[in-house]
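The lines below spell out each chain.
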Amino acid sequence: MAKALTLLFCIGIMLSCRNESSGKIEVLTLMDTDTSWDGNKLPKYPDGQPNVKILKFTIPPKTKLPPHEHLVINAGVLLSGELTVVDENNNKLYLKAGDPIVELVNTIHYGENEGTEPAEIIVFYAGTKDIPITVKKKMKN
């Protein structure tokens, strides 16, 4: 928790500081939502000790992740490459570099890099210490 607070403090300092050489600081909202990418409402946060995890994934070209579901709310930004996310009903979301995503929770899905360069994504998970962020599953269809 101390690391998360330190990170939030540093971000706050960066946002409140003005760099004289570059002019005005701009803030761009990439996403502000209460739904995942499929339009379903996000679940309530679980009770327990909050835990924030930030992970960077590098997915090689022509690589398909195993089917899985997330048990906690998470969101990310694709830094480079392209990524296709497919849910258990074969709904697809196509991401390109710079695109944000609010992931599915408690819904089986997978990601696939169909491109020719690695896909890099940073994902922020907001859950509790005793709930896993991801569980591998088999697709229902």
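Note that the structure is predicted; figures quoted are calculated from it, not measured.

On to the overall build of the protein, then. Across its full length, the protein carries 1 helix and 10 strands. Written out in order from the N terminus, the α and β elements of the protein read α-β-β-β-β-β-β-β-β-β-β. Long-range pairs, those at least 24 residues apart, make up 78% of the contacts in the protein between residues at least 6 apart in sequence. Element-wise, carbon and sulfur atoms account for 56% of the exposed surface of the protein, whose accessible area totals about 9,400 Å².

Take the nonpolar core next. Core analysis: the biggest nonpolar cluster contains 14 residues, and L78, L83, L95, I101 and I121 have the highest contact counts within it. Taken together, the elements giving at least two residues each to this core come down to β5 (82-87) and β9 (119-128). A total of 4 residues in this core trace back to one element, the largest contributor, which is β9. When neighbours within four sequence positions are excluded, I101 is seen to be in contact with M31, W37, N74, A75, G76, V85, L93, L95 and I121.

This paragraph deals with the packing of aromatic side chains. Each pair of aromatic rings is reported with the distance of its centres and the angle of its planes. Under the counting rule described, the total for this entry stands at 0 aromatic pairs. Positioned over the ring face of Y110 is K64, at 4.3 Å from the centre of the ring.

Time to look at a nonpolar patch on the surface. On the surface, L28, L30 and M31 cluster together to form a nonpolar patch covering roughly 320 Å² of accessible area. You can call L28 exposed: its relative accessible area is 71%.

Overall, antiparallel pairing links the 4 strands, which are arranged β1-β9-β4-β7 in an open sheet. Only two strands of the sheet have a single partner each, and these edge strands are β1 (50-59) and β7 (100-102). With strand direction ignored, the average angle separating the axes of adjacent strands in the sheet is 15 degrees. Across 10 bridges, β1 lies against β9 in antiparallel orientation. What sits directly across from I59, in β9, is A119.

Assignment of secondary structure puts P118 in the loop between β8 (109-113) and β9. Residue P118 is classed as partly exposed on the basis of its relative accessible area, which comes to 40%. For P118 and F57, which are 61 residues apart along the polypeptide, the C-alpha to C-alpha distance reads 9.8 Å. Ignoring sequence-local partners within four residues, the contact set of P118 consists of T58, I59, P60, P61, S80, G81 and N113.

By the element assignment, P66 lies in the loop between β2 (63-64) and β3 (68-70). Using a relative accessible area of 39% as the deciding quantity, one classes P66 as partly exposed. In sequence terms P66 and K138 are 72 residues apart; their C-alpha atoms lie 8.3 Å from each other. Apart from the residues lying within four places of it in its own chain, the contact partners of P66 are H109, Y110 and K136.

Before going further, it helps to spend a moment on the pairing of strand β6 (residues 92-96). Put simply, side chains in a regular strand alternate between the two faces of the sheet. Relative to β6, β5 is paired through 5 bridges, and the arrangement is antiparallel. Across the sheet, the residue bridging to L83 is L95, located in β6. Turn length for the β5-β6 hairpin, with the two strands adjacent in sequence and antiparallel, is 4 residues, and the turn residue N90 shows positive phi of about 70 degrees.

Conventions used here
- Residues numbered from 1 in each chain as written.
- Predicted model: local features only at pLDDT ≥ 70, side-chain atom pairs only at ≥ 80, totals over all residues.
- Heavy atoms only, no water.
- Helix = DSSP H or I, 4+ residues; strand = E, 2+ residues; numbered from the N terminus.
- Contact = heavy atoms within 4.5 Å.
- Areas by Shrake-Rupley, 256 points an atom, 1.4 Å probe, with all protein chains shown as cover.
- Core = buried A, V, L, I, M, F, W, Y, C linked by side-chain atoms within 4.5 Å.
- Buried < 20%, exposed > 50% of the residue type's maximum accessible area, 1.4 Å probe, protein only.
- Phe/Tyr/Trp six-rings, centres within 6.5 Å; stacked < 30°, edge-to-face > 60°.
- Lys NZ or Arg CZ within 6 Å of the ring centre and 35° of its normal.
- Patch = residues over 30% accessible without salt bridge, like charges linked within 9 Å, V, L, I, M, F, W, Y side chains within 5 Å.
- Salt bridge = Lys/Arg side-chain N within 4 Å of Asp/Glu carboxyl O.
- Pairing = 2+ DSSP bridges.
- Axes fitted to C-alpha atoms, helices over the stretch in contact; angles between N-to-C directions.

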